[in-house]
Amino acid sequence: MRGRARVWVLAGVLAASVVGATGRVGGQEDGPAKAPARPLVLVSKNFEESRLLAEMFAQLIERETTLSVERRFNLAGTQVCLEAVRTGAADLYPEYTGTGLVSILGLPAETDRAKVLATVRREFAAKWDLVWLAPLGFENSFAIALRQETAQRLGVTTLSGLGPRSKELRAGLGLEFVQRPDGYPGLQETYGLDFGEVRALQHALKYQAAGAGEIDALDVYTTDGEIARHGLVVLDDDRRFFPPYEAAPLVRGATLRAHPEIAVALARLAGVLDETRMRRWNLALQEQTATVEEVAEQALAELGLIDAAVRSTESSARDLGLLPYLWQERAELWGHTLEHLALVLVSLLLAAVVGLPLGIGLERHPRFAEPILRAIGLLQTIPSIALLAFMIPLLGIGARPAIAALFLYALLPIVRNAYVGVSEADPVASDSAWALGMTRGQVLREVRLPLAAPTILAGIRTAAVINVGTATLAAFIGAGGLGVPIVSGIQMANATVILSGALPAAGLALIVDGVLAAIERNVRPKGVRA
Amino acid sequence: MGAEAAAALELAGVAKQFGGHAALARTDLAIARGECLVLIGESGSGKSTVLRLLNRLLAPDSGEVRHNGRSIAAVDPVSLRRAIGYVPQDGGLLPHWTVARNVGLVPRLLEWDSSRVEARCAEMLRFVDLDPTAFGRRYPRTLSGGQRQRVAIARALAADPSVVLLDEPFGALDALSRDALRQEFRRWRASLEKTIVLVTHDLTEAFQLGDRVAVLRAGQIEQIATPTELRARPATEYVARLLAVHFAGGVE
């Protein structure tokens, strides 16, 4: 009993100090931009261009206003970003009008830019009080591109021109693009495209295939950096088949009303970007010749929006070995480690507070044990990413939904071990204590719980180790933690960056496991064999 | 039945079912003060059910369990059990408690002051031939099976109950320590005035220890008699067969 209490005091102190240190845990959903202490939260999706635009917004706002900015980039896609600004967990992010129309509002595609913009502005304002600021001047739409030599050989620059010649070509098209009515089927209808051979390929692989000369034509996003790298020719959509995907800042109405200076700052970006520049910058990010902060700074300087960028002295991960990189990033990584620990400990603490009484209580009601354990077990089978995604509509983004998901994962081992430990604790000893006149409560407190303590703690230990691993996925919903370097490392295909998150995570798992193992030995009652 | 004539323990028309199966058919049974009654039978015969009815670990479906003529249905089961000694098979000692703490279990539940508990523990350990200074601080798993049973008996007697229930107390011991412990049990019994109900499946033990022996089979008492009477006049074919098998094996 004393050992058990000590564990919880320890965990509580740790959690409290970590939460205090990072100030990240707990929602920031309340009070949109009212309290001056709350920074403006900028989010982005998990690809280069989204991060670049968000970083450009952030730098402009930092330079042109007195607001402080918190960056939470690399959220897992449109759904997460939208929920973030809708619930007030974030204030703004870069979005595309076509995505707003088709993916978010679920309306039919429309080719008139002005109409699309007008529709999304009206609907977003009415539904969620979200404001589309002026588009930035470029589109990241679908397009068909040809290898340079193919384009030269055919002398084709437009999709109308490609139509009659398409039979001669081999095409590599995205898995989705082959199916979507606003993809290949629509092109066949509008331009009479009919490639001699169509291969369905994953997005990144298409460029490799084009580079190797295995395909002649492919579908692209118009600002892909790879277009510049492989010297591809983007054909003009001369009949305006593809819906417009104009990039624009999407901002909470409440935030804009509180800080109209944001609109003034971002207005400087209105209409000044174009596809060629975006490809170049995206390529720089893909090739990791510079960080997103550097590229954003150079871009703003190139546009004349800020003074010429001062090159940062930080080296990118590519130039450095793993250890020097870890050393350079130590402050950042320490912060991520604390966030990670906070996610794990808070969720674990909640799971213990709920799970231990539940598991122990089930001993008296064994009828309910099976169905309850099965229900909790079912939660365990939901893939982590899916569970995190389910949490977003309920809890927004950030630490809250991550902690909720981790809590659910931690519940099963804790409840199951508490139940099994208590109900199977030395049956003869428990029965004789009962027969000699202990009350139910005395049998539980003085016999079953002390004997079950090692089993109960083993459940907590299992849950903790699972959570250290699973918490790396919390980066997808903006909860921070060691998943942040892991996710961005995966996107950059950079092993050093991945390891800068994965190694501390593994270390953390070992330490947490070691500490709990030591406590487990400590709570094992004297006289009971290990 | 007058108060002084009342049996120490009594089952009056008691029946108990488990899941539609009769663990104990309607039974009348009286155990006199100071008597040692041995319940013998195969597993499932109902002998443990009788024991658990006596200290209200089980409640009867019908009939009444009486202590000294009074129904125990009205008595608080927890204080009832504290007044009854209990020794299960293999001791049932709490593995995380020292020997001394195990022996002091019931006195401590009864809130005796600690010096009195301590003195009583030492006294009881000496009674079962264990040196209190050598054994008091040891944990049960460091003891032999025979030592564990001695501690269990010391624990059952610690608060000086007038009734002691033993559920196959020597069942898990090797033959030699079983025999030694039986001898000592007889000696202890003679020095204490206890009403004892002991469950076993061993006829030798039953005949050695019991003032009377009740043979149970499928939830019914086939015969209840002194060992001598039982051997002389088995009342049913089952009892006769049981005796025949036993003495043909030449165990006695």
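Structure's up top.
All of these numbers come straight from a predicted model, not from anything done at the bench.

This paragraph deals with the overall build of chain B. When its secondary structure is counted, chain B shows 11 helices and 10 strands. Relative to a compact globule of 252 residues, whose C-alpha radius of gyration would be 18 Å, chain B shows 18 Å and is just as compact. With 252 residues in all, chain B has 52% of them scored as buried. When the accessible area of chain B is evaluated, it comes to approximately 11200 Å², of which 48% is carbon and sulfur surface. Distance between charge centroids for chain B: 4 Å, based on 32 positive and 29 negative side chains.

This part takes up the environment of Pro454 of chain A. All names here are of chain A. Its location among the elements puts Pro454 in helix H21 (residues 440-470). Along the sequence, Pro454 and Thr119 sit 335 residues apart, while their C-alpha atoms lie 61 Å from each other. Setting aside residues up to four positions removed in sequence, Pro454 forms contacts with Glu520, Val523, Arg524 and Pro525.

Moving on to empty space enclosed by the protein. Residue and element names in this part refer to chain B. On inspection of all chains with the given rule, the structure shows 3 cavities of 30 Å³ or more. Residue lining of the largest cavity: Val87, Ile153, Ala156, Leu157, Val164, Leu166, Phe185, Trp188, Arg189, Leu192, Lys194 and Ile196, and that is the complete set. Elements that contribute at least two residues to the lining of the largest cavity include exactly helix H7 (145-157), strand S7 (163-167) and helix H8 (175-191). Taken together, the residues of the lining of the largest cavity break down into 10 nonpolar, no polar and 2 charged.

For the rest of this paragraph, the subject is the sheet that holds strand S8 (residues 217-221) of chain A. Strand order across the open sheet formed by 5 strands is S7-S6-S8-S5-S9 (chain A), with mixed pairing between neighbours. Edge positions in the open sheet fall to strand S7 (197-201) and strand S9 (233-234) of chain A, since each of these has one partner strand only.

Here we come to helix H20 (residues 427-435) of chain A. Ala429, Ser430, Ser432, Ala433, Trp434 and Ala435 of chain A are the residues of H20 of chain A that are buried. Residues of H20 of chain A that are buried in the fold lie against H21 of chain A together with helix H2 (77-82), strand S6 (84-87) and H7 of chain B. Trailing H20 of chain A by a residue or two, Gly437 of chain A shows a phi angle of about 105°, which is positive.

Residues and elements named next belong to chain A. For the pair helix H2 (residues 48-64) and helix H14 (residues 292-302), the least separation of the axes is 9 Å and the interaxial angle reads 65°. When the interaxial angle is binned, H2 and H14 end up roughly perpendicular. Pair H2 / H14 crosses with right-handed handedness. Here H2 contributes Arg51, Leu52, Glu55, Met56, Gln59, Leu60 and Arg63 to the contact with H14, which in turn contributes Val292, Glu293, Val295, Ala296, Glu297, Ala299 and Leu300. When grouped by side-chain class, the residues that make up the contact of H2 with H14 number 8 nonpolar, 1 polar and 5 charged.

Moving on, we come to the packing of aromatic side chains. Overall, the coordinates contain 11 aromatic pairs over all chains when judged by the stated rule. Ring plane angle 15° and centroid distance 5.7 Å describe the contact between Tyr184 of chain A and Phe195 of chain A, whose orientation is recorded as stacked. Of this pair, Tyr184 of chain A sits in helix H8 (residues 184-191) while Phe195 of chain A sits in the loop between H8 and S7; the two residues are 11 residues apart in sequence, bridging distant segments of the chain. By the burial criterion, Tyr184 of chain A is buried, and Phe195 of chain A matches it. Ring geometry for Phe127 of chain B and Trp188 of chain B: centres 5.9 Å apart, planes at 40°, overall tilted. Taken together, the residues Phe127 of chain B in helix H5 (residues 114-127) and Trp188 of chain B in helix H8 connect sequence positions 61 residues apart. Each residue in the set Phe142, Phe177, Tyr221, Phe241, Phe242 and Tyr245 of chain A is aromatic and connected to the rest through ring pairs, giving one cluster.

Scanning all chains against the criterion turns up 42 salt bridges over all chains. Between Arg182 of chain B and Asp202 of chain B there is a salt bridge, with its nearest N and O atoms 3.0 Å apart. Here Asp202 of chain B lies in the loop between strand S8 (195-200) and helix H9 (203-209) and Arg182 of chain B lies in helix H8, a separation of 20 residues in the sequence. If you follow the salt bridges from partner to partner, you end up with Arg113, Glu139, Arg240 and Glu246 of chain A in one network.

The next subject is the side chain of Asn55 of chain B. Secondary-structure assignment places Asn55 of chain B in the loop between helix H1 (47-54) and strand S4 (62-67). Sequence-distant contacts of Asn55 of chain B, defined by excluding residues within four places in its chain, comprise Ala435 of chain A together with Leu80, Arg81, Ile84, Tyr86 and Leu165 of chain B.

Attention now goes to the pairing of strand S9 (residues 212-217) of chain B. Residue and element names in this part refer to chain B. Sheet topology note: the strand S3 (residues 36-40)/S9 ladder contains 4 bridges and is parallel. Residue Val38 lies in a different strand from S9, and its bridge partner there is Val213. With 5 bridges connecting them, S9 and strand S10 (residues 220-225) associate as antiparallel partners. Bridged to Val213 within S10 is Ala225.

Time to look at the nonpolar core. Counting residues in hydrophobic clusters, the biggest one holds 85 residues, and the most contacted among them are Met438 of chain A together with Val103 of chain B. No other element matches H7 of chain B, which puts 6 residues into this core.

The partner chain B presents 24 residues to the 22 residues of chain A that form the contact. Roughly 1900 Å² of surface becomes buried between chain A and chain B when both sides are summed, with 63% attributable to carbon and sulfur atoms. Area buried by chain A at its contact with chain B is led by Ala435, Leu436 and Gly527 of chain A, which between them contribute 31% of it. Where chain A meets chain B, there are 2 salt bridges. Across the pair Arg101 of chain B and Glu446 of chain A runs a salt bridge, and its minimum N-O distance is 3.9 Å. Put simply, chain A and chain B have 7 residue pairs in polar contact (both at pLDDT 80 or more) between them. For the side of chain A that touches chain B, the element with the highest residue contribution is H20 of chain A, accounting for 7 residues. Its residues assigned to classes, the side of chain A that touches chain B shows 12 nonpolar, 5 polar and 5 charged.

Rules behind the numbers
- Residues numbered from 1 in each chain as written.
- Chains lettered and ligands numbered in written order.
- Predicted model: local features only at pLDDT ≥ 70, side-chain atom pairs only at ≥ 80, totals over all residues.
- Heavy atoms only, no water.
- Helix = DSSP H or I, 4+ residues; strand = E, 2+ residues; numbered from the N terminus.
- Rg over C-alpha atoms; globule rule 2.2 N^0.38 Å.
- Buried < 20%, exposed > 50% of the residue type's maximum accessible area, 1.4 Å probe, protein only.
- Areas by Shrake-Rupley, 256 points an atom, 1.4 Å probe, with all protein chains shown as cover.
- Lys, Arg positive; Asp, Glu negative; His and termini not counted.
- Charge placed at Lys NZ, Arg CZ, Asp CG, Glu CD.
- Contact = heavy atoms within 4.5 Å.
- 1 Å grid on protein atoms, 1.4 Å probe; cavity = no way out; pocket = protein on both sides within 12 Å on 5 of 7 lines; lining within 4 Å.
- Points joined across faces, edges and corners; volume = space filled by probe spheres on them.
- Nonpolar A, V, L, I, M, F, W, Y, C, P; charged D, E, K, R; others polar.
- Pairing = 2+ DSSP bridges.
- Axes fitted to C-alpha atoms, helices over the stretch in contact; angles between N-to-C directions.
- Parallel < 35°, antiparallel > 145°, perpendicular 65-115°, else oblique.
- Left-handed = near helix turned anticlockwise from the far one by under 90°.
- Phe/Tyr/Trp six-rings, centres within 6.5 Å; stacked < 30°, edge-to-face > 60°.
- Salt bridge = Lys/Arg side-chain N within 4 Å of Asp/Glu carboxyl O.
- Core = buried A, V, L, I, M, F, W, Y, C linked by side-chain atoms within 4.5 Å.
- Buried area = accessible area lost by both parts, 1.4 Å probe.
- Polar contact = N/O pair within 3.5 Å; in protein donor to acceptor, adjacent residues only side chain to side chain.

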